[in-house]
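A closer look at the structure
Spelled out, the chains give:
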Amino acid sequence: MSQARHSGEHSSESPRTVRDVVFVDGVRTPFGRAGEKGIYAGTRADDLMVKCIRELLRRNPTLPAARIDEVAVAATTQTGDQGLTLGRTAALLAGLPRTVPGFAIDRMCAGAMTAVTTTASGIGFGAYDVVIAGGVEHMGNHPMGSGADPNPRFMSERLVDPAALNMGNTAENLHDRFPAITKARTDAYAVASQDKLEAAYAKGQIQPDLVPVATLKPGEGWTVNSVDEPPRPGTTLEDLAALRTPFRAHGRVTAGNAAGLNDGATAAVLASSEAAAELGLPVKMRLVSYAYAGVEPEVMGIGPVPATEKALKNAGLSIEDIGLFEINEAFAVQVLSFLDHFGISDDDPRVNRYGGAIAVGHPLASSGVRLMNQLARQFEEDPSVRYGITTMCIGLGMGATVIWENPHHSKYSGAVAADGHAADTAATTEGAAA
């Protein structure tokens, strides 16, 4: 870029206006336990994704399929039924017009979150009006690390600590770095996650965004799966204290205070505020800011801290402005390190009101949209909250954070009608001028 263009001198071009990006709707399959006994044993990953795309169109009948400009689908292990440019193949399998393009994306656990922010950037820039973004992970068909071939230079040249390639070891390292986060604290946090999810199910707060999935198992026939499989309601501290620590002798990380190995898919519709108004689509959240950050791979769980600081700075906000937190619970220690850094108590009611991945499961690349679904529901229930965040740690030492605004708040800065649908931007502007 020339100095004249950079400074704005001698240029007749007007600056491009960044458009508001809104979260229209999101759905997910029930999450299952990975393995031959899980509900999705024998089910293809791409078929799970198709279920989500079709459900989004069913729930939003004013959205013509031909108006979808892009389909971005994330998966961590991009092979087999999770390979072959998954966004494009899922779009075709879902019956979208052949004119709708698609692509695949990978940022490990933040895959769906990256699919959202990448396509949202396209909306903001004007390349898209409406997109579908999400993720899928079938850890039963594709165990974590399956087929991976890490470059030997990582070890031979000591580019990363050997623990960086095992997520459980990175969590133990986080305990070492923050000794105030004891196993007792992580177990207590894990019990609370189970309890909160159980309460959310009892109140009907989880079910509205679940897509029932029919599965066929040899000798058992067809089953319609309409609830999550991983939760263990009634879990006690005594139950967790008895679990072994597989990553380190006398360690602190167990299967009870970490997310499990799971299968599942998620998808969301994003749009410009103008397109949402034109098509009569609901507005559940407005994207305010997002950021990604890198940290030492051997303590990857701390990644949400710098990502959140960066996203807050970009938005001109502080942590005190955030009224709701949806933090992915890859490990309890990772969540607690975030809370300690920002001076938030372990049982703060703003944090993971419906429970988190320790209870509901974490099918890697799909989890980002689950966080968004839950935040959107909480925004609707609590119009006193203006801003919320979705954040997560990422393998190999990264963090991701997205800040959202609640359209039901009295000071909402986007254009939205009282019924939660996008208002006509031009009419709103004219009314304000009058």
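The structure displayed is predicted, hence computed values, not measured ones.

Under the feature "domain: Thiolase N-terminal" (unreviewed entry), the UniProt entry names residues 21-273. Within the segment residues 21-273, helix and strand shares are 31% and 19% respectively, and the terminal C-alpha atoms sit 6 Å apart.

Applying the stated criterion across every chain yields a total of 4 aromatic pairs. Each ring, one from Tyr-290 and one from Tyr-292, has its centre 6.0 Å from the other, and the planes form 70 degrees; the classification is edge-to-face. Residue classification places Tyr-290 among the partly exposed positions, given a relative accessible area of 30%. With 6.2 Å between their ring centres and 70 degrees between their planes, Phe-325 and Phe-338 make a pair best called edge-to-face. Pair noted here: Phe-325 is in strand β10 (residues 322-327) and Phe-338 is in helix α11 (residues 332-341), with a separation of 13 residues, a long-range link.

What follows concerns the packing of helix α7 (residues 183-202) against α11. Contact geometry for α7 and α11: axes closest at 9 Å, N-to-C directions at 100 degrees. Compared by their axis directions, α7 and α11 come out roughly perpendicular. Across from Arg-185, Thr-186 and Tyr-189 in α7, the residues of α11 making contact are Ala-332, Val-333, Val-335, Leu-336 and Asp-340. Partitioning the contact of α7 with α11 into residue classes produces 5 nonpolar, 1 polar and 2 charged.

You will see that Arg-158, though not glycine, has its phi angle at about 55 degrees, which is positive. Secondary-structure assignment places Arg-158 in the loop between α5 (153-156) and α6 (167-177).

Let us now look at the pairing of strand β12 (residues 398-405). β12 sits mainly inside the fold: 7 of its 8 residues count as buried. Bridge analysis of strand β9 (residues 285-294) against β12 gives 8 bridges, and the strand direction is antiparallel. Note that in β12 the partner of Tyr-292 across the bridge is Ala-400. Bridge analysis of strand β11 (residues 387-394) against β12 gives 8 bridges, and the strand direction is antiparallel. Bridge assignment links Met-392 to a residue of β12, and that residue is Ala-400. Linkage of β11 to β12, two consecutive antiparallel strands, is achieved through a turn of 3 residues, within which Leu-396 is found at a positive phi near 70 degrees.

As for its position among the elements, Ser-193 is in helix α7. Classification of Ser-193 as buried rests on a relative accessible area of 1%. The contacts of Ser-193, once residues within four sequence positions are left out, are Glu-329, Gly-355, Gly-356, Ile-358 and Ala-359.

As a further point, take a nonpolar patch on the surface. Taken together, the side chains of Met-155, Leu-165 and Leu-396 present a nonpolar region at the surface, about 240 Å² in accessible area. Within the secondary structure, Leu-396 sits in the loop between β11 and β12.

Any region with low pLDDT has predicted coordinates that should not be read closely. Mean pLDDT over the protein chain stands at 92; residues scoring 70 or higher make up 92%. For residues 1-12, every residue scores under 50 in pLDDT, and the model assigns this stretch 5 contacts once sequence neighbours within four places are set aside. Confidence over residues 424-434 falls short of pLDDT 50; this stretch has 6 contacts with residues more than four positions distant or in other chains.

Spacing of three or four residues puts side chains on the same side of an α-helix, whose turn is 3.6 residues. Of all the positions in helix α3 (residues 86-93), only Leu-86, Gly-87, Thr-89, Ala-90 and Ala-91 are classed as buried. Looking at the buried positions of α3, the neighbouring elements they touch are α2 (45-59), β3 (70-74), β4 (102-105) and β5 (130-138). Positive backbone phi, approximately 90 degrees, marks Gly-95, located one or two places after α3.

Reading guide: rules and limits
Along each chain, the written sequence defines residue order, and numbers are assigned to residues from 1. Local features in this predicted model are restricted to residues of pLDDT 70 or higher, and side-chain atom pairs are both shown and tallied only at a pLDDT of 80 or more, whereas totals for entire chains, interfaces and linings draw on every residue. With hydrogens and water stripped out, all remaining heavy atoms of the structure feed into the side-chain values. UniProt positions are given in the numbering used here, feature names are shortened, and annotations may be inferred rather than shown by experiment. By definition, any uninterrupted DSSP run of H or I lasting at least four residues is a helix, any uninterrupted run of E lasting at least two residues is a strand, and each is numbered from the N terminus. Centre distance within 6.5 Å is the pairing criterion for rings of Phe, Tyr and Trp, where only the six-membered ring of Trp is used; planes under 30 degrees apart are then read as stacked, over 60 as edge-to-face, and the remainder as tilted. Exposure is judged per residue with a 1.4 Å probe applied to protein chains only, and the accessible area is read against the type maximum: over 50% gives exposed, under 20% gives buried, and values in between give partly exposed. Only the contacting stretch of a helix is used when fitting its axis, a line to C-alpha atoms as for every element, and angles between N-to-C directions run 0 to 180 degrees. Note that the term roughly parallel is reserved for angles under 35 degrees, roughly antiparallel for angles over 145, roughly perpendicular for angles of 65 to 115, and oblique for everything else. In this analysis, two residues are considered to be in contact whenever any of their non-hydrogen atoms come within 4.5 Å of each other. Under the grouping applied here, Gly and all other residues not named as nonpolar or charged are polar, the nonpolar ones being Ala, Val, Leu, Ile, Met, Phe, Trp, Tyr, Cys and Pro and the charged ones Asp, Glu, Lys and Arg. By definition, two strands form a pair when at least two bridges between them are found by DSSP. Candidate patch residues must exceed 30% relative accessible area and have no salt bridge, after which like charges are joined if within 9 Å and Val, Leu, Ile, Met, Phe, Trp or Tyr side chains if within 5 Å. Only the protein chains shown count as covering a residue, and every accessible area follows the Shrake-Rupley method with a 1.4 Å probe. A carboxyl oxygen of Asp or Glu within 4 Å of a side-chain nitrogen of Lys or Arg is what we treat as a salt bridge. Residue-level confidence of the predictor, termed pLDDT, takes values from 0 up to 100.

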